[in-house]
Amino acid sequence: MQKGQITKALSGFYYVTDRSNTIYQTRARGVFRKQKITPLVGDYVEFESGNQDEGVIQKLLERKNELTRPQVANVDIGIIIMSAADPKFSNQLLDRFLIMLESKHIKPIIFITKMDLLDHDETIKIKKYQKDYNKIGYQMVLIEKTDKEKKKQLEILFNEQFKNNLIVFMGQSGAGKSTLLNVLNPELELKTGETSQSLGRGKHTTRHVELVPLLESLIADTPGFSLLAFDEIEQESLSEYFPEMWRLRSDCKFSGCLHLTEPGCAVKKAILEGEIPEYRYDNYRLFLEEIKKRKPKYRRKGES
Ligand SMILES: Nc1nc2c(ncn2[C@@H]2O[C@H](COP(=O)(O)OP(=O)(O)OP(=O)(O)O)[C@@H](O)[C@H]2O)c(=O)[nH]1
Ligand SMILES: [Mg+2]
Ligand SMILES: [Zn+2]
């Protein structure tokens, strides 16, 4: 039996890279489908193959974690790529990505692209966000403007912080994920697409997840999406994923405080005092409402 890692999934094929960097085109054993097991990019597998074009994945090894959007397993770091403009920066969308990563216990880093499109005042706004998110404990990197500067900036960053990790580039379509990877290695020739002027969003250029070796890590380029629902998060645990709120929980008068209308709430106090930005709290409340309204997923016959 051979061993390797799935580095690309496309049209029912799984591309498995072994230790000597040979890539095998494989399919999953039929029994996987019956058992509802879907191999994911990032999975370590055991496979059999007579040649590089026809292999069969026999076994998936245990996963450390798995992301559902985008679908990747064994993720160490999630880099959220947000454009400063075109598409417009949205703290709400950023918070959705952050919550998702926090809930999976994956370390988030934020990259802000397209800084070159901003005027002076808009740049100041983004820098204010940077200060806010830094205060929470998130690293927010404002990506440099020219390709040469970008490359240098990321080489230093990855060299100092991110060696030997599986890193996922995630974010809205058109944010510039594939473009940034191409800057790091032009030989990748990843397809990139103009954003639609009328809609102000990307055109979903990247269609599959692919792991590429870069800067001594494996980086996943992924398709962009922005509809992020909180299917797996319960009301009570949402504030765990807002680190600045979670830190204050023992100061709230009531244990299990949802930080809504309860008296003696330390989170509300922190907002009044300007310690927590209002937009973070607004997002918290919005997400909480969404979770409340969510239809129960697994309702059996006879259950109301
Ligand atoms: N001005 C400017 N444009 C950029 C920058 N980065 C990317 N773009 C442009 O933004 C558009 C979208 O870039 P992509 O790299 O395809 O975006 P993506 O995040 O991979 O999008 P999907 O694959 O659809 O998820 C392209 O036209 C890029 O040229 C940047 O830093 N500045
Ligand atoms: Mg792309
Ligand atoms: Zn509270």
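Shown above is the structure to which this text applies.
Residues numbered from 1 in each chain as written. Chains lettered and ligands numbered in written order. Predicted model: local features only at pLDDT ≥ 70, side-chain atom pairs only at ≥ 80, totals over all residues. Heavy atoms only, no water.

A.B. asks: Tell me about the coordination of the magnesium ion (ligand 2), residues and numbers included.
C.D. replies: S178 (OG) and T206 (OG1) make up the full set of protein donors to the magnesium ion (ligand 2), lying at 2.0 to 2.1 Å. In this pair, S178 is assigned in helix 5 (residues 177–184) and T206 in the loop between helix 5 and strand 12 (210–214), connecting sequence segments 28 residues apart. Both residues of the pair, S178 and T206, belong to the buried class. (Donors = N, O, S within 2.8 Å, 3.2 Å for Na, K, Ca; no water. Helix = DSSP H or I, 4+ residues; strand = E, 2+ residues; numbered from the N terminus. Buried < 20%, exposed > 50% of the residue type's maximum accessible area, 1.4 Å probe, protein only.)

A.B. asks: Account for the pattern of salt bridges, with residues named and values stated.
C.D. replies: Across all of its chains, the model carries 13 salt bridges by this definition. Across the pair E66 and R63 runs a salt bridge, and its minimum N-O distance is 3.0 Å. Its relative accessible area of 33% is what places E66 among the partly exposed residues. A salt bridge links D76 to K64, with the nearest nitrogen and oxygen atoms 2.3 Å apart. A residue pair is termed long-range when its members are at least 10 positions apart, and D76 in the loop between strand 7 (72–73) and strand 8 (77–83) and K64 in the loop between strand 5 (54–60) and strand 6 (66–67) qualify at 12 residues. The partly exposed category is assigned to D76, whose relative accessible area is 24%. (Salt bridge = Lys/Arg side-chain N within 4 Å of Asp/Glu carboxyl O.)

A.B. asks: Go over the pairing of strand 2 (residues 13–17), please, and point to the residues and values.
C.D. replies: The element strand 2 is extensively covered by neighbouring structure, given that 4 of its 5 residues are classed as buried. Here strand 1 (residues 2–10) pairs with strand 2 via 5 bridges, running antiparallel. Of the residues in strand 2, the one forming a bridge with A9 is Y14. A loop of 2 residues connects strand 1 with strand 2, the two strands running antiparallel in sequence, and S11 in this loop sits at a positive phi of about 50°. Of the strand pairs in this sheet, strand 2 and strand 3 (residues 23–28) are connected by 4 bridges, and their pairing is antiparallel. (Pairing = 2+ DSSP bridges.)

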